[in-house]
Structure formats: C-alpha cells, structure tokens
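Here's the letter readout for the chains.
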Amino acid sequence: MNKEQDTIVEVKKKKWYQERSKQLIAALLVVALIGTDVVIRYASASAAAIETNPKALLDDDVYQSMDEESDRAKELWKMLENSEEIEKKLKDACDKAQRLIEEGKYKEALDPVNYIIENMNLTTEEMCQLRMLRTALYFYSGEYKKAADDCTWLIGKGRDENGYYYFMRAACRIQNMEFESSRDDLLEALDRGYEEEAFCYVYLTFCEYYLEDYEQVLSYAKEALSREPGDEYKGTLIYFQALANLNLGYFEESASCMTELLDMKEYKENGELYYYRGVSELTLEKYENAYEDFNLALKYGIPSAEGDGDDENMKTMLYYNRGVAALALNRAEEARSDLQKVVERNNNAELVKASEELLELLNGQGTTE
C-alpha cells in the first residue's frame, strides 16, 4: 500500500464534519397560539439560507385569525361585567383589554388582563378563561416562560383538554430551548389522547435532535410522516432523518435523504445540503460524487446561523473534505490547493494539523503512520 492509500485509510477513520452547535439546519417550526387553539406552521426559508433557531413567527394570516380571539374576549368581558357590580377601574381594564386585543396589541393587552386577574373577585371558571386568554397573549408577546406557567396552572385545575395544555406547554418550552421537559410534555399529551398526533411527533423529532438521540429522531420522524401532517413538513422531517443518519454513521441513508431534498425545487441551490451529501459520499468512497458536491456547496454557500455571510468554520471543513476527495482521485494540485487554504484560514486547529500532515505527504517530506 502506497503513502496516498495509507492516508485515505486514516482519513476514513475520522469524521471531518460536525454539527452546527446543536442548531437545526432544517427549517423553522412555527407555533402560534390563538386563544384556545394551536396553529402549527412550517415556514421554509430561502434556499440559500435556512433558519436554524426555534422561535415563533406571526404572519398576516395568523394575525387575521386573532379576530376569533377578539370575539371570544368580548364574550368574556360581558361575562365578567354581568357576574357582579364591578368598580370603574376594573371595568376600564376590561374595556382597555378588549380594545387592545381588537387592535392586535397583544403585549399591551397583558397589563389590563393582569390587573383584572389580580384585583377582581373571580369564579374558578372566570379565572380559567382569563388564564387561557393570557397564555395566548404571553406567547404572542414572546414571554414563553410565563405562558408555560399559565399552562401548568390550568393543568393543575384539571383543564388539560385531552392533552392540549401539555402540548401547549411543550410549545412554550421549545421556545426556551427546554427540550427534555418539552419532550416529556409531548409524550404526556399523546398518552392523554391529544388529537393532533402528527404535530406531536413533529415536535418530538425536533426535541430529540437537540437531545442527540438520533435513533429516536428517525423513529419520531417516521411516525410524523406516516400521519401526514402536511406537505409543508416533508422537507423538514426528511432533513432531520438525513442528519440523524449522518450522526449514526448510516451514510447511504443520509445521502439518499439529501438527494430527496435536493430533488425538491426549493432546495436545489442549498449549499449545506450538497456539503452534507458530499460528506456521506466521501465516507462511502464515492470520491467523484463527493468532489462535485463540495464544488456545489462552495458555489451556493453555507450561510452562518446569524445570516451575515458564510459559516467560516463549515467553509474550512468544506475545503478540507474537498482536498481529501481530490487526494483520493489523484488530483494532487487540487488537493494541495484546498489543504493550503485550511492552513491559511487557521480557524480549526484539528484540521490545520491534519492538513499540514497531508501537505507534507504530498510534498514528499513525511510519511503517515
């Protein structure tokens, strides 16, 4: 076996790729809580830059649906006013809360709603109705911890709604990156018969990826897809499967998933997908395919999580992997060029060291063990 072959054997023993700091590289899962309903949406980002952090987005369609919440709030205020003679401050608070909700000013509506909860002599039913409303307002305002606390209170009062508030609390906890407790809530929601099973499994897939249980990622993604949560979720779930397979070392399966995604119009120019497929192909010794995919990844770019240009560390790994593929294809000059770029960029000590060793080999100045 010659030096080049020795080098390739050593390279194959190592994983020269890494996760992006536990961030999802699929797309956003969008959770919008509307009154006592949950709307789960998928928002695909552009093909050039896929969002990576879980957060709530409110589009025009979701805002319009808050009209239903405004109507429900009107009935609530009438119920409060008819329950007993209330003083002017409380009545003013009811009027203000109703007006602000109608105007879509959900964060501002929290003050009068909180004033009513703290100062009015409410029945248990009235308090539950107000807590349901406040949960939605907290969520819309980005106060996920407080929204989760209201869910906990409602669960304690037996307002579990067949697992609904466990699911709602899970949605809140996902926003705060509390994936273990969110997973437990989702499983409890399923045990209690929550009707939106498909969405539970989508969220469980999401949580298990962050918790690095990749076998469960594959299991839950399969369950979600079998329940047909909607075509808009398909790309997200396939991407989870691709990354889980990659982390588990199932490279054929990972490459297959990436190919399925790249066949979709919205992903055809996604550099990150080409990069990860190239990683799988490199490990499978499909060097020509890997080299071509790394070229496409470089062409389309790998956006950073912050969206301010390329992910420089991923770009360094791209150069290294392309250099290894070139070396396996006996393209010494291309390999030397890419490995030198890794050394010059000097932002990954492990890859710099590995590149220097390979360059010594290419230059005939050293040997591999």
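Residues numbered from 1 in each chain as written. Predicted model: local features only at pLDDT ≥ 70, side-chain atom pairs only at ≥ 80, totals over all residues. Heavy atoms only, no water.

A. Expanded view of the overall build of the protein chain. Looking only at helices and strands, the protein chain has 17 helices and two strands in total. When the 369 residues of the protein chain are sorted by exposure, 52% land in the buried category. Counting contacts in the protein chain only where the partners sit at least 6 residues apart, residues at least 24 apart contribute 63% of the total. For the protein chain, the exposed surface amounts to about 17000 Å²; the carbon and sulfur share of it is 42%. (Helix = DSSP H or I, 4+ residues; strand = E, 2+ residues; numbered from the N terminus. Buried < 20%, exposed > 50% of the residue type's maximum accessible area, 1.4 Å probe, protein only. Contact = heavy atoms within 4.5 Å. Areas by Shrake-Rupley, 256 points an atom, 1.4 Å probe, with all protein chains shown as cover.)

B. Focus on the nonpolar core. Counting residues in each nonpolar core, the largest one holds 79 residues, and the members touching the most others are Tyr165, Leu186, Tyr275, Tyr276 and Tyr320. When residues in this core are grouped by element, the largest group, 10 residues, is from helix H9 (residues 197-210). In this view, Leu186 contacts Phe167, Ala170, Cys200, Tyr203, Leu204 and Cys207; residues no more than four positions away in its chain are not counted. In terms of nonpolar packing, the next biggest core, distinct from the first, is built from 25 residues, Ile117, Met120, Tyr144 and Cys172 among them. (Core = buried A, V, L, I, M, F, W, Y, C linked by side-chain atoms within 4.5 Å.)

C. Focus on the environment of Glu215. Inspection of the secondary structure assignment puts Glu215 in helix H10 (residues 214-226). The exposure class assigned to Glu215 is partly exposed, which follows from its relative accessible area of 41%. In this structure the C-alpha to C-alpha distance between Glu215 and Gln241, which are 26 residues apart in sequence, comes to 9.4 Å. With sequence-adjacent residues up to four places away left out, Glu215 is seen in contact with Leu248 and Tyr250.

D. Geometry of unusual backbone geometry. Not every positive phi belongs to a glycine, and Met177 is a case in point at roughly 60°. With respect to the helices and strands, Met177 occurs in the loop between helix H7 (164-175) and helix H8 (179-191). The backbone phi angle of Asn330 is positive, close to 60°, even though this residue is not glycine.

E. Quick peek at the packing of helix H4 (residues 106-119) against helix H5 (residues 124-140). Across the interface, H4 lies against H5 with an axial gap of 9 Å and an inter-helix angle of 155°. Judged by the angle between their axes, H4 and H5 are roughly antiparallel. Like other packed secondary-structure pairs, H4 and H5 cross with a definite hand, here left-handed. Contact with H4, carried on its side by Tyr106, Ala109, Leu110, Val113, Asn114, Ile116 and Ile117, involves Met127, Leu130, Leu133, Arg134, Leu137, Tyr138 and Tyr140 of H5 and no other residues of that element. (Axes fitted to C-alpha atoms, helices over the stretch in contact; angles between N-to-C directions. Parallel < 35°, antiparallel > 145°, perpendicular 65-115°, else oblique. Left-handed = near helix turned anticlockwise from the far one by under 90°.)

F. Representation of the packing of aromatic side chains within the structure. One pass over the full model with this rule turns up 18 aromatic pairs. Residues Tyr275 and Tyr276 carry aromatic rings whose centres are separated by 5.3 Å and whose planes lie at 70° to one another, so their mutual orientation is edge-to-face. Neither residue differs from the other here; Tyr275 and Tyr276 are each classed as buried. Joined through ring pairs, the aromatic side chains of Phe179, Phe206, Tyr209, Tyr210, Tyr214 and Phe240 make up one cluster. Seen from the ring of Trp153, Arg131 lies directly overhead, with NZ or CZ sitting 4.2 Å from the centre. The positively charged end of Arg331 is found above the aromatic ring belonging to Tyr291, 4.9 Å away from the centroid. (Phe/Tyr/Trp six-rings, centres within 6.5 Å; stacked < 30°, edge-to-face > 60°. Lys NZ or Arg CZ within 6 Å of the ring centre and 35° of its normal.)

G. Quick look at H8. An ideal rise of 1.5 Å per residue puts 18 Å on 13 residues; H8 measures up with 18 Å between its terminal C-alpha atoms. Summarising the contacts, the buried residues of H8 are in contact with H7 and H9. A positive backbone phi angle near 90° is found at Gly193, which sits one or two residues after H8. (Expected span 1.5 Å × (residues − 1).)

H. Up close: the packing of helix H11 (residues 234-248) against helix H13 (residues 271-283). For the pair H11 and H13, the least separation of the axes is 11 Å and the interaxial angle reads 35°. Judged by the sense of rotation from one axis to the other, the crossing of H11 with H13 is left-handed. From H11, Tyr239, Leu243 and Leu246 reach across to H13, where they touch Glu272, Leu273, Tyr276, Val279 and Ser280. The class makeup of the residues in the contact of H11 with H13 is six nonpolar, one polar and one charged. (Nonpolar A, V, L, I, M, F, W, Y, C, P; charged D, E, K, R; others polar.)

I. Layout of the pattern of salt bridges. Considering all chains together, one arrives at 24 salt bridges under this definition. A salt bridge links Glu103 to Lys105, with the shortest nitrogen-to-oxygen separation between them at 3.4 Å. A residue is classified by how much of its surface remains accessible, and Lys105, at 37% relative accessible area, is partly exposed. A salt bridge links Lys353 to Glu357; the nearest nitrogen and oxygen atoms lie 2.7 Å apart. Here Lys353 and its partner Glu357 are both found in helix H17 (residues 349-362), four residues apart, which amounts to about one turn of the helix. By relative accessible area, which is 52% here, Lys353 ends up exposed. Looking at Glu357, the relative accessible area reads 41%, which means it is partly exposed. Each of the salt bridges in this network shares a partner with another, and the network as a whole consists of Glu180, Arg183, Asp184 and Glu208. (Salt bridge = Lys/Arg side-chain N within 4 Å of Asp/Glu carboxyl O.)

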